[in-house]
Amino acid sequence: MTETIPVSDALHLTAIHERFVPELHQLVLKNKTWLQQFLNWPQFVGSEEDSLKNAQSNVMLHERGYAKMFLLMFNQRIIGVLSFNSIEPLNKTGYIGYWIDEDHQGQGLLSQALQAFIDYYVQNGTIRRFVIKCRVANEASNQVALRNGFTLEGCLKEAEFLNGAYHDQNIYARIIDRSE
């Protein structure tokens, strides 16, 4: 059974599985040029086989609890990814990554999914400190963090290599204890 986090009638998060690779691969290709403005990995996506290997790796990490990759499903179609790129079990800290199809930007879908994602992991007691790191210049990503109750903790100087240059990165966190 594939792990699912409900968000709304039309939106839910579904754990990565090989069966989603063809659709996910096409979505990445559709958004590749746009995504490369913000993320380093899209330049390395070539064949569907590349996407399959990446999915298989993420399934393993998901099952072992080292990372969690979920697909944003809107009206039964993949529109993006929301994940813990890494998890520190002892510290109960999850480092969040996300991207959404350019055509679905600005509709609040990512924020809705992020809230459900956070609630899910707070309720099961796995994560209490949620972290988002994003380039200072990525205004949309910074706004996602701020709109969703994250606090800017600082700026990491030249911490992200993208498109041939090092960029400053904001680090945001939100701490939620189950007792709250």
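Per chain, residue numbering runs from 1 following the sequence as it is written. Where local features are concerned, this predicted model is filtered to residues with pLDDT of at least 70; where side-chain atom pairs are given and counted, the filter is 80 or more; whole-chain, interface and lining totals use all residues. Note that the side-chain values use all heavy atoms of the structure and ignore hydrogens as well as water.

J.: Before we go on, may I ask you to explain the nonpolar core in this structure?
T.: Grouped burial of nonpolar side chains is what soluble globular proteins tend to show. Throughout this description, the term nonpolar core refers to a set of buried Ala, Val, Leu, Ile, Met, Phe, Trp, Tyr and Cys residues connected via side-chain atoms within 4.5 Å. To sort residues, take the accessible area from a 1.4 Å probe on protein chains only and compare it with the maximum for the residue type: under 20% means buried, over 50% means exposed, and anything in between is partly exposed. Counting residues in hydrophobic clusters, the biggest one holds 31 residues, and the most contacted among them are L82, I96, L114, F117, F130, I132 and F150. Runs of H or I in DSSP of at least four residues are treated as helices and runs of E of at least two as strands, each being numbered from the N terminus. Elements with a minimum of two residues in this core: β2 (11-15), β3 (68-74), β4 (77-88), β5 (93-100), α3 (109-123), β6 (129-135) and α4 (139-147). The biggest single contributor to this core is α3, with 9 residues. Residues V21, W34, M73 and W99 belong to the second largest nonpolar core, which totals 17 residues.

J.: Any chance you could explain the pairing of β3 here in plain terms?
T.: Counting buried residues in β3 gives 6 out of 7 residues, a clear majority hidden from the surface. The pairing of β2 with β3 spans 5 bridges and is antiparallel. Looking at β3, one finds that H12 is bridged to M73. At least two DSSP bridges between two strands are required for those strands to pair. Inspection of the sheet shows β3 paired to β4 by 7 bridges, in the antiparallel sense. By the bridge assignment, K68 is partnered in β4 with F84.

J.: Got a minute to help me understand α3 in this structure?
T.: Every α-helix winds through 3.6 residues per turn, so residues three or four apart in the chain are directed the same way. Helix span is expected to be 1.5 Å times the residue number reduced by one. In this model, α3 (15 residues) spans 21 Å end to end at C-alpha, consistent with the 21 Å of a helix rising 1.5 Å per residue. Restricting attention to buried positions, one finds in α3 the residues L109, L110, S111, A113, L114, A116, F117, I118, Y121 and V122. Once α3 finishes, G125 follows within two positions and takes phi at roughly 75°, a positive value.

J.: Hey, could you run me through the pattern of salt bridges in this one?
T.: A side chain of one charge can pair with a side chain of the opposite charge when the charged atoms of the two come close. By definition, a salt bridge exists where a carboxyl oxygen of Asp or Glu is found within 4 Å of a side-chain nitrogen of Lys or Arg. Counted by the stated rule, this structure contains 6 salt bridges. Residue D177 pairs with R128 through a salt bridge whose shortest N-O separation is 2.7 Å. A residue pair is termed long-range when its members are at least 10 positions apart, and D177 in the segment after β8 (165-175) and R128 in the loop between α3 and β6 qualify at 49 residues. With relative accessibility at 28%, the residue D177 sits in the partly exposed group. With a relative accessible area of 30%, R128 lands in the partly exposed category.

J.: Explanation requested: α4 in the structure shown.
T.: When α4 is considered as a whole, its buried residues turn out to be S141, N142, V144 and A145. The buried side chains of α4 occupy one side of the element, clustering within an arc of 155° when seen end-on. Facing away from the buried side of α4 by over 90 degrees, the exposed positions are E139 and R147. Note on contacts: a residue pair is in contact if any heavy atoms of the two residues lie within 4.5 Å. Contacts from the buried residues of α4 go to β5, α3, β6 and β8. When we speak of the arc, we mean the arc of directions from the helix axis to the C-beta atoms.

J.: What exactly am I supposed to notice about the side chain of N142 here?
T.: Within the secondary structure, N142 is located in helix α4. Other than its neighbours up to four places away in sequence, N142 contacts C134, R135, V136, N170 and Y172.

J.: I'm lost on the packing of aromatic side chains in this one. Help?
T.: In this description, an aromatic ring pair is defined by two values, namely the gap between the centres and the angle between the planes. To pair, rings of Phe, Tyr and Trp, with the six-membered ring standing in for Trp, must have centres within 6.5 Å; the planes then decide the type, stacked if under 30 degrees apart, edge-to-face if over 60, and tilted in the middle. Enumeration over the complete set of coordinates arrives at 9 aromatic pairs. When the ring of W34 is compared with that of F38, the centres are 5.3 Å apart and the planes differ by 65°; the resulting orientation is edge-to-face. Classification of F38 by relative accessible area gives partly exposed; the value is 24%. Chaining the aromatic ring pairs together yields one cluster made of F70, F84, F117, Y120, Y121 and F130.

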